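Each chain is listed here by its residues.
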Amino acid sequence: MAAAVEGVRADPFLLDSEALRALASEAVVQRGLAYFAEHRVTDLGWDAERVWAHVEGSQLGLPYLVEIGRGEGELTITCGCAEWEADLEPSCKHGIAVLAAYAARHAAGDGHAASAAEQAIAERVQRARTEVIVEHVAGAVDFGTWSARSLAPSGASLRPYTVHIRSRTQRMNACSCPDFATNRLGTCKHIEAVLHKLAKGGRRKGDAKAADTRPSVVYVAWDAAHGPEIRVHRQDPLAPATAAALDRHFDARGALRGSLPDAFFHAERALALLPDVHIASDAAAHARRLAEDLAHAARARSLRDDILRSGGHLPGVRARLYPYQVEGVAFLAATGRALLADDMGLGKTLQAIAAARTLMDREGVAHTLIVCPASLKFQWAREIQRFTGLDAEIVQGGVAPRLAQYRRRPAFTLVNYELVLRDREAIANDLAPDLVILDEAQRIKNWRTRTASAVKAIPSRYAFVLTGTPLENRLEDLYSVMQVVDPRVLGPLWQFMAHFHVTDERGKALGYRNLSELRRRLAPVMLRRDKRLVRDQLPDKIEQRIEIALSAKQRTLHNAALQTAQQYQQIQLRRPLTPIEEKLLLSALQTARMACNAAGLVDKETVGSPKLDELARILEEVCVDGGKKIVVFSQWERMTHMAEEVARSLNLGVARLHGGVPTSARGALIGRFHDDPECQVFLSTDAGATGLNLQCATVLVNLELPYNPATLGQRIARIHRLGQREPVQIIHLVAAESYEERVAALIATKRDLFTAAVEPEATDDVVGLSPRALAVALEALGDTPAPHPGGESDDPPAVAIPTLDPAPAVDDTLVAPLSPEPPEAPDESLAPLVQALQEVLGAHLERLLVTQAGLVALIDVATPDLVAQAEALAGPIPVAVLDGRTWAALTRVAGAAFAQTREAWSRPTAPQTEPPLAALARRKLHAAEALLPDHPTEALDLLTTAMTAALAHRAGQSTLPDRSSLAVWLYSDLLPSGHITPDLATTLLRTHALSQSPSIPPDLAASALTDARRLVAEP
């Protein structure tokens, strides 16, 4: 039986949201779009008559086969699922998922975006067609107000957003959604959905008349070179009075004259009475926001000075603060929305409370919401009472009691992260906090989670974000946290990813770049101090790593799990994993780690393990013989249970904490460990890694290393913190020759990233995720994964690392084979293909390399046409076509590892039609022209090379001078010999200096391009 739906279109399989809703109910469409977003659609294919694919259901290996055919004005959809067989609706969710996948693939095949901005816009255009439904509300159809809401179940409320349409062709429309407010694209999927609707329906009767009478519009333009600016779009013909008024306030380009916000308010007053000028609400809101920023900055200077002069005694705060804490309070209170990233144990809680108390007195803050882990709510309440004497409302209980607590609107309200998702409307409307404090804010590091979205949606005038680990696994963690502080600091996500990430052809992160620029942007809103501030108050810390050999049973379980993981990693190199495949990959890696601790964690039968034997030896030495207290951490509750049996066999008193222990009982558990001399062992999962003060212990044992270096630091900080008086010993138990050793290497890499991105004293500008990141990237370009160049190495290959707390998620670390094989010599049979590639790529070609995966062609600019030509020519042999910028970034990331890649041809051997330096100058000029709009710094660097090559060719030289001696070369060699004039020397040096500037004015960049074109063109 087949389902049919009417609809004749150029491509009958390319459906938008309206057509999808004709196939199924909105609920089914939502589930189908979710299936597509979860990568459940595999093996997608199509021809002129049909589309087919497999869609993963609830069982691995048993996907549903979906076929969609075309008929006379209708589609026929067949699927093997129960919903389709019952014929409940024309299409099931699996059919919707396939159609969404086809639409996405079709959109990707329409053309390649030339820049990150165009890619971001293209993504929104594609999503607009399938995810959004729109409705005209008021005004003219193409100059009026629309309502738009999403069909995709993103976890957020599906409330409608308001779209203001002012033009079908120019980016002067506006939307009330959060994405439009922050993406700096001048559009969003809701606007694009309305434009798609208008394009389908054409112009209605009467709209032409409306278009003739529409007003001129003052709006915010997001495509300006130096950030958003206010412009006017003039609607001719203009009344003389209107034209004169607009001329006074806007230049010939349409940009507002004068500086914001004052210039806007003057223009607003002058234009308010003109009926043929419309001042858009987004323009007014932008000016008001800038005015508020200036007013706050003026107040902040006075507030900061007063706090710093306090000598540590602040009104309403019952504590004398250390000088660094006074600085922290001043930073939080004066900045208003700030990230305090102090190391653990430096008193972030006290600084936040003191800053909140100061804002109560100075800025009229009446209601503060504190969001923290459930285990820390009571501790926060005690600290607030202790340091301010004020009571704090701890939100708990059922729905009705919680709502009543919000309506009481106390000075301080405490809520855990999980409740924010349930109570977000009551928090926003009934409590309406003036200040929001997020403690342990790394809980919102993943912006895709519903909890993170709910927390970021809380409106407040001020926000303090507290975390010692704003970055845990990847740079995106920091981006997510900063969205609460100020989304403008790091810009829109598409821009952030393009500017700070090094990626392979599939968009996989290989490393991070421009980190000095990242630190510069963060400096005004982030304060980071480490334990060096209180070094004289902390005892020594000694860390020791003990390698433990696996038993035969452990080794069998460990190797079997890694073999399974490798199978899914091979799939992941070719396509995204489906949800079930991803869970199985995580499960396999989890099993490998568990086997490193004890076979009994996996088979639930085997008793004991070498790690438990080592723990018994440590307990006997530290507790039985030494009489000291010890803290033992493990990720798994069952492992802490096994460790408890070991401790009790030695007649030691034990306190054991895990996620199943109620919050109300944890205080008594910790108190017993502190006060009872017989209780010498504190066992804990990572449920106790934050908020616990266990300085009575002097030894800490990690039964395994967590994936996250921040979690490791939090564990250690339980005993090595202010208040500890004795030297502490940290012991890490690591399974030898195992997957756990690779985790240890990963922790070191993540620590490097944290330091480079967050520490104020950092100097690194580029960090790689793996020392062999480039080699892995090149392998991933082929259809079949190949071994690493260079053979066996002491460096472990990068692997997919799951983050298991609080919920499993695959880390973005690169996936690579787990058992590399020695490389083979380059295949000489590739020589004919190499020569053919030289002919196709022509003057663009810089270098050709042979890797295990195939060929790598380096060219000036990797345009889609050249890539397509190279791939078509190569046939089954994988060819990676990379531009010079990408190559340079990847080489910096990979470091010495790239030297293992064999370079077969350093320069093209095809006959040159022009002298080498002249050809080089032309190629560099061509590359600079392509890069200048979006990457002016790189473009100016290429222009310097182009001009240098042109001058060297003119002087009859065969090599280029070193950049560091450019001026010497010009004035001591070329000028005296008469090969160039002083003007040419000045032009080149000016372009070179401009390329070193952190900010390049567009007019100077354009002038440099003109100079380079003239110089390269001259003989």
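Computed from a prediction, not measured in an experiment: that's the story for all the values here. (Residues numbered from 1 in each chain as written. Predicted model: local features only at pLDDT ≥ 70, side-chain atom pairs only at ≥ 80, totals over all residues. Heavy atoms only, no water.)

### Section: the sheet that holds strand β10 (residues 216–221)
Consideration 1: The strand order β11-β10-β12 describes an open sheet built from three strands, whose pairing is mixed. Lying at the two open borders of the sheet, with one neighbouring strand each, are β11 (229–233) and β12 (277–279). Direction aside, the axes of adjacent strands within the sheet are offset by 30° on average.
Consideration 2: In the sheet, β10 pairs with β11 via five bridges, with the strands oriented antiparallel. The residue of β11 that forms the bridge with Ala221 is Glu229.
Consideration 3: Contacting β10, β11 and β12, helix α10 (residues 262–271) crosses the sheet at an angle of about 140° to β12.
Consideration 4: Helix-sheet contacts for helix α11 (residues 281–308) involve β10, β11 and β12, and the interaxial angle to β10 is about 45°. (Pairing = 2+ DSSP bridges. Helix = DSSP H or I, 4+ residues; strand = E, 2+ residues; numbered from the N terminus. Axes fitted to C-alpha atoms, helices over the stretch in contact; angles between N-to-C directions. Contact = heavy atoms within 4.5 Å.)

### Structural notes on the nonpolar core
Consideration 1: Leu339, Leu438, Met482 and Leu518 are the most contacted members of the largest nonpolar core, which has 41 residues in total.
Consideration 2: When residues of this core are assigned to their parent elements, the largest contribution, seven residues, is made by helix α18 (residues 475–485).
Consideration 3: Not counting residues up to four positions away in its chain, the partners in contact with Leu438 are Val371, Tyr417, Ile444, Val455, Phe464, Val465, Leu466 and Val484.
Consideration 4: Counting 39 residues, the second-largest nonpolar core is a separate cluster that includes Ala330, Leu332, Leu340 and Leu376. (Core = buried A, V, L, I, M, F, W, Y, C linked by side-chain atoms within 4.5 Å. Buried < 20%, exposed > 50% of the residue type's maximum accessible area, 1.4 Å probe, protein only.)

### Brief notes about the packing of helix α25 (residues 610–625) against helix α26 (residues 637–649)
Helix packing for two helices is described by the angle between their axes and how far apart those axes are.
Consideration 1: Here α25 crosses α26 at 45°, and the two axes come no closer than 10 Å. It follows from the interaxial angle that α25 and α26 lie oblique. The hand of the α25/α26 crossing is right-handed. Between α25 and α26, the contacting residues are Leu612, Leu615, Ala616 and Leu619 on the first element and Met639, Met642, Ala643, Val646 and Ala647 on the second.
Consideration 2: By residue class, the composition of the contact of α25 with α26 is nine nonpolar, no polar and no charged. (Parallel < 35°, antiparallel > 145°, perpendicular 65-115°, else oblique. Left-handed = near helix turned anticlockwise from the far one by under 90°. Nonpolar A, V, L, I, M, F, W, Y, C, P; charged D, E, K, R; others polar.)

### Side note on the pairing of strand β14 (residues 368–372)
Consideration 1: Most of β14 sits inside the fold, with five of its five residues counted as buried.
Consideration 2: Of the two faces of β14, both are covered, the one formed by Thr368, Ile370 and Cys372 as well as the one formed by Leu369 and Val371.
Consideration 3: Direction of pairing for β14 relative to strand β17 (residues 435–439): parallel, over a ladder of four bridges. Bridging from a neighbouring strand, Thr368 pairs with Leu435 of β17.
Consideration 4: As paired strands, β14 and strand β16 (residues 412–416) are joined by five bridges and run parallel to one another. If you follow Leu369 over to β16, its bridge partner there is Thr413.

### Details of the sheet that holds strand β18 (residues 462–466)
Consideration 1: Pairing is parallel across the open sheet formed by seven strands, whose spatial order is β15-β16-β14-β17-β18-β13-β21. Single-partner strands in this sheet number two, and they are β15 (392–394) and β21 (526–527).
Consideration 2: The sheet contacts of helix α12 (residues 323–335) involve β13 (337–340), β18 and β21, and relative to β13 the element is tilted by about 150°.
Consideration 3: Its contacts with the sheet put α18 on β13, β17 and β18, and the angle it makes with β13 is roughly 140°.

### Considering helix α16 (residues 417–431)
Consideration 1: Helix length check: α16 (15 residues) gives 16 Å between terminal C-alpha atoms against 21 Å at 1.5 Å per residue, more than 12% under.
Consideration 2: By the burial criterion, the buried members of α16 are Tyr417, Leu419, Val420, Asp423, Ala426, Ile427 and Leu431.
Consideration 3: Just downstream of α16, Ala432 is the residue with a positive phi angle, here 45°. (Expected span 1.5 Å × (residues − 1).)

### Details of the packing of aromatic side chains
Consideration 1: Counted under the stated rule, the structure contains six aromatic pairs.
Consideration 2: The interplanar angle of 80° and the centroid separation of 6.0 Å between the aromatic rings of Phe13 and Tyr102 together place this pair among those described as edge-to-face. Highlighted residues: Phe13 in the loop between β1 (3–6) and α1 (17–23) and Tyr102 in helix α4 (residues 93–109), separated in sequence by 89 residues.
Consideration 3: Judged by relative accessible area, which is 2%, Phe13 ranks as buried. (Phe/Tyr/Trp six-rings, centres within 6.5 Å; stacked < 30°, edge-to-face > 60°.)

### Regarding the pairing of strand β26 (residues 699–702)
Consideration 1: Along β26, one buried face is formed by Val699 and Val701 and the opposite face, lined by Leu700 and Asn702, is buried too.
Consideration 2: Where strand β23 (residues 630–633) meets β26, four bridges bridge the pair, whose relative direction is parallel. Residue Val631 lies in a different strand from β26, and its bridge partner there is Leu700.

### Notes on the environment of Leu260
Consideration 1: Relative to the elements of secondary structure, Leu260 occurs in the loop between α9 (240–249) and α10.
Consideration 2: Classification of Leu260 by relative accessible area gives partly exposed; the value is 28%.
Consideration 3: For the pair Leu260 and Ala287, spaced 27 residues apart in the sequence, the C-alpha separation amounts to 6.8 Å.
Consideration 4: Leaving out residues up to four positions away in the same chain, Leu260 has contacts with Ile230, His286 and Leu290.

### Looking at the environment of Val607
Consideration 1: By the secondary structure assignment, Val607 is in the loop between α24 (600–603) and α25.
Consideration 2: For the pair Val607 and Met642, spaced 35 residues apart in sequence, the C-alpha to C-alpha distance is 8.7 Å.

### Considering the confidence of the model for the protein
Consideration 1: This prediction gives the protein a mean pLDDT of 77; 76% of its residues lie at or above 70.
Consideration 2: Across the protein, β17 holds the top mean pLDDT of 94, while strand β29 (residues 802–803) sits lowest at 28.
Consideration 3: A low-confidence stretch, residues 904–912 (pLDDT under 50), is modelled with 16 contacts involving residues beyond four sequence positions or located in other chains. (pLDDT = per-residue confidence, 0-100.)

### Notes on the state of the cysteines
Consideration 1: As enumerated under the stated definition, the model contains zero disulfides in all.
Consideration 2: Not engaged in a disulfide, the cysteine Cys81 finds its nearest cysteine sulfur in Cys92; these two sulfurs lie 3.6 Å apart.
Consideration 3: We note that Cys679 lacks a disulfide partner, and the nearest cysteine sulfur, in Cys696, lies 8.5 Å from it. (Disulfide = S-S within 2.5 Å.)

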